[in-house]
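Descriptive structure summary
Letter by letter, the chains look like this.
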4 protein chains.
Amino acid sequence: MPKRVPVFPHEGIGKTFYNALLLLAALAGTVITSYRLTFGVRDFDALYWLITAVYLLDIACGFNQAVKKGLVVLADRKSIARHYLRGWFTVDLVAALPFGWLIALLFPQAAAASGGMGALLDLLMIGKALKMVKIGKVSAIFRDIRESLSVNPALMRLVTFGFWFVTALHLMACGWVLIGAGEQGRPAADQYLRALYWCLTTIATIGYGDYTPDKNSNLQIAYTLGVMVFGVGMYGYIIGNVATLIANLDVARAVYRTKMEEINDFLRRQRVPAGLQKRVRDYYAYLWETQRSVSAVPIAAELPHSLSQEILLFINRELIQKVALFRNADEIFIREIVQRLTPLSFLPDDYIIRQGEYGDCMYFLSGGDVEVLIGGSRVAVLGHGSPFGETALLEGEKRMASIRALTYCDVYRLSKEDFDQLRLRYPDFDAQVKEVVAVRRRGAPEKPPV
Amino acid sequence: MPKRVPVFPHEGIGKTFYNALLLLAALAGTVITSYRLTFGVRDFDALYWLITAVYLLDIACGFNQAVKKGLVVLADRKSIARHYLRGWFTVDLVAALPFGWLIALLFPQAAAASGGMGALLDLLMIGKALKMVKIGKVSAIFRDIRESLSVNPALMRLVTFGFWFVTALHLMACGWVLIGAGEQGRPAADQYLRALYWCLTTIATIGYGDYTPDKNSNLQIAYTLGVMVFGVGMYGYIIGNVATLIANLDVARAVYRTKMEEINDFLRRQRVPAGLQKRVRDYYAYLWETQRSVSAVPIAAELPHSLSQEILLFINRELIQKVALFRNADEIFIREIVQRLTPLSFLPDDYIIRQGEYGDCMYFLSGGDVEVLIGGSRVAVLGHGSPFGETALLEGEKRMASIRALTYCDVYRLSKEDFDQLRLRYPDFDAQVKEVVAVRRRGAPEKPPV
Amino acid sequence: MPKRVPVFPHEGIGKTFYNALLLLAALAGTVITSYRLTFGVRDFDALYWLITAVYLLDIACGFNQAVKKGLVVLADRKSIARHYLRGWFTVDLVAALPFGWLIALLFPQAAAASGGMGALLDLLMIGKALKMVKIGKVSAIFRDIRESLSVNPALMRLVTFGFWFVTALHLMACGWVLIGAGEQGRPAADQYLRALYWCLTTIATIGYGDYTPDKNSNLQIAYTLGVMVFGVGMYGYIIGNVATLIANLDVARAVYRTKMEEINDFLRRQRVPAGLQKRVRDYYAYLWETQRSVSAVPIAAELPHSLSQEILLFINRELIQKVALFRNADEIFIREIVQRLTPLSFLPDDYIIRQGEYGDCMYFLSGGDVEVLIGGSRVAVLGHGSPFGETALLEGEKRMASIRALTYCDVYRLSKEDFDQLRLRYPDFDAQVKEVVAVRRRGAPEKPPV
Amino acid sequence: MPKRVPVFPHEGIGKTFYNALLLLAALAGTVITSYRLTFGVRDFDALYWLITAVYLLDIACGFNQAVKKGLVVLADRKSIARHYLRGWFTVDLVAALPFGWLIALLFPQAAAASGGMGALLDLLMIGKALKMVKIGKVSAIFRDIRESLSVNPALMRLVTFGFWFVTALHLMACGWVLIGAGEQGRPAADQYLRALYWCLTTIATIGYGDYTPDKNSNLQIAYTLGVMVFGVGMYGYIIGNVATLIANLDVARAVYRTKMEEINDFLRRQRVPAGLQKRVRDYYAYLWETQRSVSAVPIAAELPHSLSQEILLFINRELIQKVALFRNADEIFIREIVQRLTPLSFLPDDYIIRQGEYGDCMYFLSGGDVEVLIGGSRVAVLGHGSPFGETALLEGEKRMASIRALTYCDVYRLSKEDFDQLRLRYPDFDAQVKEVVAVRRRGAPEKPPV
């Protein structure tokens with residue numbers, strides 16, 4: 001019963017490591033094979049067999065690993081095998097089979113020959129070159145990693161660029177040696193270094209002119225034309241993208257900086273006094289330190305109802321645990337209220353509410369301490385989890401006391417409109433609100449009506 | 001009665017092939033003519049006559065092909081002829097007439113002379129050069145293709161860039177040979193390859209220095225100055241644009257990626273748990289797989305009423321066929337309702353409706369299956385085409401049951417406001433809605449009130 | 001009474017030509033002076049005196065030309081003179097006085113000497129170099145042109161870039177000769193051409209290496225360092241900007257193209273049928289052909305009330321002349337209504353109104369013809385200037401007839417809300433509307449109720 | 001009691017100067033040390049001791065200077081010391097201690113030796129090289145300056161780029177000499193200049209080819225490869241950023257220009273007459289001259305209530321002092337009203353209000369003069385601080401008079417809705433408004449009802 005043996009999962013940390021291994025093997029297979037082909041190295045050493053082993057392992061995994069096909073996950077061996085045989089199997093097989101070694105085994109004279117015996121030698125080289133088809137799978141592996149892993153996407157793209165840049169540079173350098181333009185007299189490693197050097201002086205458009213194609217070789221000139229068109233384009237594309245990527249490595253911080261520049265520009269233009277400027281800057285710095293963001297959470301708005309509720313529940317989980325009104329509330333009610341709360345932040349000494357003001361909202365204090373001031377003198381201090389400002393909603397329109405932040409404060413604002421609607425729909429909430437007010441009025445002098 | 005013979009249409013697949021042929025002929029005419037002029041090739045072979053034939057055919061077509069002039073399509077031969085004679089006719093005629101051949105025929109000594117006889121030779125060359133005026137029409141042809149064909153515009157622009165790049169590179173290389181800077185001793189093809197090579201090392205700003213203008217030739221230095229200013233600018237412009245174009249080849253996918261990066265960044269910043277993160281990512285992946293888009297259809301909003309209705313009818317045609325309420329409805333009613341439906345998607349196990357919630361909308365299930373849960377236990381399964389959630393709109397405010405997605409579901413949301421307005425205006429719809437509810441309540445235990 | 005002679009205006013076509021002349025003179029003065037200084041040309045020919053004359057004329061104009069200082073226009077000679085003496089007067093005077101000629105006159109031996117007499121020669125050269133200070137005024141002149149002239153700003157910036165590029169290139173080339181790096185043996189023009197060539201190969205980063213600084217000259221190496229840092233930066237900046245500018249030369253067309261690409265992408269993604277796709281594209285093409293824009297006129301919205309009214313009056317002047325209801329209306333009424341009309345466009349065969357539909361607006365036909373259909377058969381054709389759709393607003397909610405565009409139609413939409421408010425506030429309008437309806441119902445069979 | 005001595009503040013002008021000094025010392029320490037190491041200069045002169053002194057001073061400051069750690073400011077010596085010892089102390093100490101001098105003192109033969117004695121010499125060099133670790137602190141200093149100082153952020157970033165560019169260029173040039181690629185025969189300064197020259201020709205991708213790595217030195221070729229990859233990337237990144245930064249040096253002006261281009265484009269497209277075009281342009285020019293902005297103040301909107309109120313109070317402080325209604329008003333009322341006023345600007349001769357128009361707002365004149373026209377003839381002139389337009393709000397809907405701007409006018413608009421709400425909530429305001437109207441009607445013929 002082969003179906004009882006569970007297949008490997010299609011994502012997770014194990015798959016990511018496996019993918020990283022595959023990437024390494026594909027890169028090594030391509031670079032080493034092309035290097036050996038270029039310089040006519042014909043031995044089959046440990047490295048060759050290691051790569052072959054990884055490639056063979058990949059075929060085994062291909063038959064035993066769940067795959068995601070569009071939105072569906074194929075998890076039974078039969079569909080996995082069908083999907084694999086129709087897909088990457090051929091490429092994997094061609095790359096895995098040690099054709100080069102087989103040919104060398106069958107025609108030992110080919111491996112031994114240093115020159116002549118053209119056809120056999122060519123066959124051997126083609127056999128070895130087949131190792132390089134694995135490179136074709138790299139894009140798919142990168143996509144797989146990108147989709148399953150929540151790494152920084154800019155970083156991911158940098159790695160992808162680096163991979164392709166190294167591969168392309170290496171292949172162009174090998175080509176340069178192959179067409180006879182390298183310095184033939186030197187050892188292989190030196191030739192390779194000089195080919196890389198020529199390649200980079202060309203594609204970075206430096207063009208010292210110390211290594212140039214032979215004026216009498218049409219082939220070398222044509223090859224250089226190709227490198228110029230393709231390589232220069234690739235290099236310019238990569239440099240341009242890397243610059244953008246570096247600038248955006250931390251998207252959130254980039255947004256923060258742009259915001260701060262706009263703010264500073266605005267403040268300077270309006271000649272706002274230094275003290276007030278500092279307060280505004282401190283406000284954004286606070287938002288940044290606590291939320292890693294300078295804006296509220298509009299991303300949740302475009303998600304479907306059920307997902308956005310879950311995200312808001314998660315983000316506001318601390319408030320819900322702290323506010324007495326919410327702790328025992330119905331789950332449905334909690335889900336509704338979290339979508340109506342607006343997060344706000346206040347700096348020390350900021351007035352959240354001013355006595356005498358018209359009140360059109362209430363607040364829940366989710367972090368920090370505030371003081372209650374009546375006629376300028378402190379009558380109470382409220383800690384986190386306290387609701388305040390509801391008295392004006394319940395009994396009149398003017399604020400009966402001021403509320404001033406003592407520390408950095410995070411509050412949630414609930415508008416009068418939403419408050420009234422919620423009380424209408426949820427009698428439990430209505431009852432609790434009334435109770436809080438009653439308690440406060442009767443025996444709790446430390447929390448006067450606001 | 002020549003008017004009875006119908007003219008060729010001004011757009012369509014035939015016209016596109018014709019335009020592609022013209023492009024090829026204009027490119028060939030320009031490249032071949034300039035190459036032959038540069039290297040003093042004087043024979044008139046099959047290629048010359050083939051190009052001439054295509055150019056002559058173009059004149060014939062010019063008189064027999066409908067044209068779009070602004071918004072009006074000219075379709076009768078008289079206006080076509082008038083429009084053509086005032087427009088491209090002169091260019092087409094000059095390019096089509098075999099001046100070079102005529103001169104060679106009239107003054108056989110010019111064609112025979114390898115040197116001397118300057119004036120006649122010049123005349124011959126000018127005659128031949130006239131073939132190149134056709135290149136002036138290329139922009140118009142490209143515009144024509146772009147407007148009539150719904151190909152990817154980025155791809156189209158890449159092709160245009162490629163065309164002009166090849167033409168400019170070729171002409172600059174020919175110019176280099178003409179001013180005597182090529183390696184005169186070599187065969188024509190070799191000279192040409194080296195001229196191309198010089199040209200590309202210059203405009204890609206590589207500048208090896210193996211081919212440079214003669215230090216004693218003011219003409220060559222001045223020519224190089226021109227190539228540096230124009231060529232470098234052109235190359236930089238093309239590289240910059242190609243990079244952008246490649247990045248945007250699939251605009252929709254680029255938008256999707258940017259969206260996913262924003263989402264990932266937001267989720268990571270808020271430290272949302274991995275499971276919830278995966279659900280959010282799956283949601284966007286699902287939108288992408290099914291709609292090739294991560295947003296709803298706001299583009300339709302800015303079209304005039306009649307067009308946006310037709311597009312929405314088309315997009316929602318499946319729903320309309322599936323939902324019983326809509327199948328026999330008045331066409332006017334259908335047109336009104338499709339503009340009020342909001343498409344939403346849900347993942348398996350998402351709650352679309354929660355029992356006890358306040359209900360302010362109803363849904364139409366256009367794809368997938370949902371289960372109806374009362375007090376947590378399944379009482380029914382609904383298939384595509386089912387409306388649900390309307391009971392709360394009709395009879396009370398609280399949801400009487402939960403609805404949970406069993407598979408990926410596409411639903412259309414209709415708000416209470418729109419629902420009430422439609423029922424008021426369209427008595428038929430009102431009646432049908434009531435009937436569905438009645439049926440369900442009476443004898444359909446598998447669909448309880450929601 | 002010098003005040004009676006009117007001063008020259010501070011803007012207008014005359015001022016623009018004058019500014020163009022100044023630009024030319026400043027460019028010529030700088031280029032020619034530096035060229036002559038570099039190559040030791042010492043004669044004072046017609047060109048020298050011509051430039052001097054223009055510079056002198058500029059001083060005269062400085063005292064007789066109104067200037068705009070911030071928002072105030074100085075128009076009396078006294079304030080003009082005060083403003084000029086404090087501003088550009090010194091620069092203009094230094095540039096205008098023929099110091100070089102004076103020194104040559106006073107110390108004839110300086111002008112005659114080909115070598116030696118260092119101090120005097122230096123004095124002469126400094127005297128001549130003063131002609132170049134005029135270049136400092138160029139930025140101010142360009143700003144003046146940009147502000148007073150309604151030319152394409154992208155084109156203007158291209159010209160500015162071109163000006164500074166030519167000036168900087170020329171000065172860098174002169175510097176190259178001055179430090180002894182030019183090919184000293186050749187004639188001046190040849191040296192200059194080669195200096196330009198070196199300069200351009202360097203700043204365009206080509207660097208052939210055929211002209212390089214002398215390895216033994218620290219001065220030449222340091223000069224090259226300076227040109228590399230400054231010149232390469234400048235060239236890169238200009239190439240980058242020119243590419244952007246070329247892409248945006250016609251801002252409106254660029255917006256149109258981007259729009260079309262979005263639209264095409266959307267249509268293709270949704271697999272909208274070809275016929276419907278064509279209609280959508282035709283719609284945008286029509287908007288573009290008639291309005292040179294793909295959007296309505298939101299720019300007017302942010303202007304102050306009085307200006308936006310005037311612009312809308314201007315834009316809608318044709319409708320106001322055509323629609324009978326508006327022709328004799330109160331000016332105040334016209335001003336109010338134009339801010340409430342929304343322009344819309346329809347293609348031939350588009351339904352503007354469908355019989356049986358709920359009507360919440362009326363239309364004014366400002367261009368094109370429409371047909372009135374009852375039950376599918378045509379009962380009337382309406383020409384431009386006709387109002388329609390008002391019957392549903394007056395008497396009931398359903399449209400009594402369909403209106404279909406026969407040609408491309410421009411209509412203005414007036415919503416029911418605005419219509420009711422206007423009728424309430426303006427009894428004249430109310431009366432006229434009623435009359436039109438009455439007339440139509442009584443004796444005008446060609447215009448049935450819509 | 002060491003705590004009684006106050007610590008240095010963590011921000012302010014003194015700190016900024018101190019930071020600038022540190023930057024200079026770090027740059028000097030790095031550049032001079034690496035230069036001396038490269039060319040084997042072994043003496044310890046005044047400059048060496050000066051830099052050492054600044055580094056020692058920095059350690060002293062590290063223990064006596066308040067620091068901002070996240071949002072908290074550490075101000076007592078104990079926490080400062082703990083924070084410093086855990087942070088930069090090690091780096092500062094290593095950089096400050098004169099290791100090089102100590103080694104030279106202990107092993108005088110090392111300092112004297114011109115060759116040989118490798119190990120000791122290496123030790124000496126490493127000792128000296130430790131001076132360069134200070135460069136690691138530069139990023140932190142720049143961040144400190146950026147956060148505490150309200151300089152133009154673009155300018156700040158230019159300075160940062162410049163700093164790193166100079167440092168990197170210098171180090172790359174020193175490396176070139178160190179690997180033996182410089183022209184060994186020349187004096188140190190000449191070698192250094194040529195190394196800089198080679199370095200810049202390479203990273204600016206010019207590549208003349210007059211200085212290239214020795215073809216027989218693998219080390220030099222590999223070093224060049226490194227410089228090509230890193231240096232070209234860095235140079236491209238800096239050039240690209242500098243171009244953007246220069247373009248945005250004055251963000252506000254850039255926004256203004258883009259706005260003006262859009263406006264001009266719109267006006268030209270709509271063929272608006274020249275006079276009206278000029279008025280629109282003048283309007284934006286006026287906004288720009290007075291506000292350094294073309295838009296209202298939406299930035300205040302996203303700040304928390306208390307901060308936005310304070311900013312609006314500051315911006316509108318002039319109006320509040322001028323308008324009689326506001327001068328003695330309650331502070332709470334002032335805070336409410338400033339958030340409801342919309343600033344508007346009018347040009348001379350603009351109608352702010354037209355007689356007969358429907359009035360839905362009132363105005364406060366905060367700058368300029370307006371005239372009151374009834375039936376076209378002037379009946380009064382109002383100066384700054386005057387409210388007008390309230391009569392229509394109080395008594396009827398139509399404007400009884402026109403108000404036309406005589407000069408550039410700044411007014412604040414208060415909508416009827418807000419006006420009614422404020423009168424309801426604030427009886428004092430209501431009373432004052434009534435009084436103004438009464439006074440005007442009774443005995444003030446110079447201000448008729450509007």
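Conventions and cut-offs
- Residues numbered from 1 in each chain as written.
- Chains lettered and ligands numbered in written order.
- Predicted model: local features only at pLDDT ≥ 70, side-chain atom pairs only at ≥ 80, totals over all residues.
- Heavy atoms only, no water.
- Helix = DSSP H or I, 4+ residues; strand = E, 2+ residues; numbered from the N terminus.
- Contact = heavy atoms within 4.5 Å.
- Areas by Shrake-Rupley, 256 points an atom, 1.4 Å probe, with all protein chains shown as cover.
- Salt bridge = Lys/Arg side-chain N within 4 Å of Asp/Glu carboxyl O.
- Buried < 20%, exposed > 50% of the residue type's maximum accessible area, 1.4 Å probe, protein only.
- Least-squares fit on C-alpha atoms with pLDDT ≥ 70 in both.
- pLDDT = per-residue confidence, 0-100.
- Phe/Tyr/Trp six-rings, centres within 6.5 Å; stacked < 30°, edge-to-face > 60°.
- Lys NZ or Arg CZ within 6 Å of the ring centre and 35° of its normal.
- Buried area = accessible area lost by both parts, 1.4 Å probe.
- Polar contact = N/O pair within 3.5 Å; in protein donor to acceptor, adjacent residues only side chain to side chain.
- Pairing = 2+ DSSP bridges.
- Axes fitted to C-alpha atoms, helices over the stretch in contact; angles between N-to-C directions.
- Expected span 1.5 Å × (residues − 1).
- Patch = residues over 30% accessible without salt bridge, like charges linked within 9 Å, V, L, I, M, F, W, Y side chains within 5 Å.
- Lys, Arg positive; Asp, Glu negative; His and termini not counted.
- Charge placed at Lys NZ, Arg CZ, Asp CG, Glu CD.
- Parallel < 35°, antiparallel > 145°, perpendicular 65-115°, else oblique.
- Left-handed = near helix turned anticlockwise from the far one by under 90°.
- Nonpolar A, V, L, I, M, F, W, Y, C, P; charged D, E, K, R; others polar.

1. Quick word on the overall build of chain A
- Across its full length, chain A holds 20 helices and 10 strands.
- Sequence separation of 24 or more characterises 73% of the internal contacts of chain A that already satisfy a separation of 6 or more.
- Of the roughly 19,900 Å² that chain A leaves accessible, carbon and sulfur atoms contribute 62%.

2. Overview of the pattern of salt bridges
- If you walk through the whole model with that rule in mind, you get 61 salt bridges over all chains.
- Where D430 of chain A meets R423 of chain A, a salt bridge forms, and the shortest distance between an N and an O atom there is 2.4 Å. When sorted by exposure, D430 of chain A lands in the same class as R423 of chain A, which is buried.
- Note that K134 of chain B and D58 of chain B form a salt bridge whose closest N and O atoms lie 2.8 Å from each other. Placement of K134 of chain B in the loop between α7 (118–129) and α8 (138–148) and of D58 of chain B in helix α2 (residues 46–63) is noted, with a sequence separation of 76 residues between them.
- By relative accessible area, K134 of chain B is classed as buried at 2%.
- Judged by its relative accessible area of 4%, D58 of chain B falls in the buried class.
- Beyond isolated ion pairs, a larger network of salt bridges with shared partners links D58, D92, K134 and K137 of chain A.

3. What about unusual backbone geometry?
- In this model, D349 of chain A sits at a positive phi of 80°, which is unusual for a non-glycine residue.
- One non-glycine residue, T205 of chain C, lies in the positive phi region at around 60°.
- Within the fold, T205 of chain C resides in the loop between α10 (188–203) and α11 (218–247).
- Classification of T205 of chain C as buried rests on a relative accessible area of 11%.

4. Section: the relation of the copies chain A and chain B
- Expressed as a screw transformation, the operator carrying chain A onto chain B has a rotation angle of 90° and an axial translation of 0.0 Å, and the superposed copies differ by an RMSD of 0.1 Å. Such values leave the two copies arranged in the relation of a four-fold axis.
- Of all interface residues in chain A, a mere 9% are interface residues in chain B too; the two copies therefore contact each other through different surfaces.

5. Some details on the confidence of the model for chain A
- Chain-level pLDDT for chain A is 80 on average; 86% of the residues reach the 70-or-more range.
- Segment residues 444–449 of chain A is flagged for pLDDT under 50; beyond a separation of four residues in sequence, or across chains, it makes 20 contacts in the model.

6. Regarding the packing of aromatic side chains
- Per the stated rule, a full pass over the model turns up 80 aromatic pairs over all chains.
- With a centroid separation of 5.1 Å and 85° between ring planes, the pair formed by Y48 of chain B and W49 of chain B is classed as edge-to-face.
- Residue Y48 of chain B is classed as buried on the basis of its relative accessible area of 10%.
- The class of W49 of chain B is partly exposed, set by a relative accessible area of 33%.
- Cluster of aromatic residues (ring-pair linked, three or more members): F333, F419, Y426 and F429 of chain A.
- Between the NZ or CZ atom of K398 of chain A and the centre of the ring of Y426 of chain D, over which it lies, the distance is 4.5 Å.
- Sitting above the plane of the Y358 of chain B ring, R425 of chain A keeps its charged end 3.0 Å from the centroid.

7. What to know about the interface of chain C and chain B
- Of the residues lining the interface, 59 residues belong to chain C; the matching set on chain B comes to 58 residues.
- Carbon and sulfur atoms make up 60% of the surface buried where chain C meets chain B, a total of about 5,000 Å² over both sides.
- Contact with chain B buries area across many residues of chain C, yet I206, Y208 and R354 of chain C alone supply 14% of it, more than any other trio.
- At the surface where chain C touches chain B, the tally comes to 10 residue pairs in polar contact (both at pLDDT 80 or more).

8. Digging into the interface of chain A and chain B
- Facing 57 residues of chain A, the contacting portion of chain B comprises 59 residues.
- Between chain A and chain B, roughly 5,100 Å² of surface is buried when both sides are summed, and carbon and sulfur atoms account for 61% of that area.
- For the interface between chain A and chain B, the tally reads 0 salt bridges.
- Across the chain A-chain B interface, the total number found is 10 residue pairs in polar contact (both at pLDDT 80 or more).
- Contributions of two or more residues to the side of chain A that touches chain B are made by α8 (138–148), α9 (153–178), α10 (188–203), α11 (218–247), α12 (251–269), α14 (305–315) and α17 (331–338) of chain A.
- Sort the elements by how many residues they give to the side of chain A that touches chain B and α11 of chain A lands first, with 9 residues.

9. Remarks on the sheet that holds strand β6 (residues 370–374) of chain C
All names here are of chain C.
- Taken together, the 4 strands give an open sheet; going across it, the order is β4-β9-β6-β7, and neighbouring strands pair in antiparallel fashion. The sheet is open, and its two edges are formed by β4 (351–353) and β7 (377–382), each paired on a single side. Across the sheet, the axes of successive neighbouring strands diverge by a mean angle of 35°, strand direction being ignored.
- As defined by bridge partners, β6 adjoins strand β9 (residues 402–405) across 4 bridges and the pair is classed as antiparallel.

10. Regarding helix α1 (residues 13–39) of chain C
- Over its 27 residues, α1 of chain C runs 39 Å from end to end, which matches the ideal 39 Å to within 8%, given 1.5 Å per residue.
- Phi turns positive, to about 65°, at G40 of chain C, one or two residues after α1 of chain C.

11. Quick notes on a positive patch on the surface
Residue and element names in this part refer to chain A.
- Together, K69, K78, R82 and R86 give the surface a local cluster of positive charge.
- Counting residues per element, the positive patch draws most heavily on helix α3 (residues 77–86), at 3 residues.
- Inspection of the secondary structure assignment puts K78 in helix α3.

12. Section: the relation of the copies chain C and chain B
- In screw terms, the move from chain C to chain B is a rotation of 90° and a rise of 0.0 Å along the axis, fitting with an RMSD of 0.1 Å.
- Here only 8% of the contact residues of chain C are again contact residues in chain B; the copies associate through non-equivalent surfaces.

13. Focus on helix α2 (residues 46–63) of chain A
- With 18 residues, α2 of chain A extends 26 Å between its outermost C-alpha atoms, agreeing within 8% with the 26 Å of an ideal straight helix rising 1.5 Å per residue.
- Of the surrounding elements, those touching the buried residues of α2 of chain A are α1 (13–38), α3, α4 (89–96) and α5 (99–106) of chain A.

14. What to know about the packing of helix α11 (residues 218–247) of chain B against α10 of chain C
- The N-to-C vectors of α11 of chain B and α10 of chain C enclose an angle of 30°; their axes lie 10 Å apart at closest approach. Between α11 of chain B and α10 of chain C, the interaxial angle falls into the category roughly parallel. In this structure, α11 of chain B crosses over α10 of chain C, and the sense of that crossing is left-handed. Of the residues in α10 of chain C, those touching α11 of chain B at N218, I221, A222, T224, L225, M228 and V229 of chain B are D190, L193, R194, L196, Y197, L200 and T201 of chain C.

15. Describing the side chain of T167 of chain C
All names here are of chain C.
- Along the chain, the position of T167 falls in helix α9 (residues 153–178).
- On the basis of relative accessibility, which here comes to 4%, the residue T167 falls in the buried class.
- Residue contacts for T167: discarding those within four places in its chain leaves L27, T30 and I135.

16. Regarding the sheet that holds strand β5 (residues 361–367) of chain C
All names here are of chain C.
- Ordered in space as β3-β10-β5-β8, the 4 strands form an open sheet in which the pairing is antiparallel. With one partner strand each, in any of the chains shown, β3 (342–346) and β8 (387–388) form the two edges of the open sheet.
- Bridging between β5 and β8 involves 2 bridges; their strand directions are antiparallel. Across the sheet, F364 pairs through a bridge with P387, a residue of β8.
- Contacts from helix α19 (residues 416–425) reach β5 and β10 (409–415), with the element oriented near 65° to β10.

17. So, the side chain of R77 of chain B
- Tracing the backbone through its elements, the reader meets R77 of chain B in helix α3 (residues 77–86).
- Within the buried set, R77 of chain B has no salt-bridge partner at all; the shortest N-O distance to an opposite charge, 9.1 Å, is to D76 of chain B.

18. With respect to the packing of helix α9 (residues 153–178) of chain D against helix α11 (residues 218–247) of chain D
Residue and element names in this part refer to chain D.
- Viewed as axis vectors pointing N to C, α9 and α11 meet at an angle of 160°, and their least axial separation amounts to 11 Å. The orientation of α9 with respect to α11, classified from their angle, is roughly antiparallel. For α9 against α11, the interelement crossing comes out left-handed. Contact residues: A154, R157, L158, F161, F165, A168, L171, M172, G175 and W176 in α9; Y223, T224, V227, F230, G231, M234, Y235, Y237, I238, N241, V242 and L245 in α11.
- Class assignment for the residues of the contact of α9 with α11 results in 17 nonpolar, 4 polar and 1 charged.

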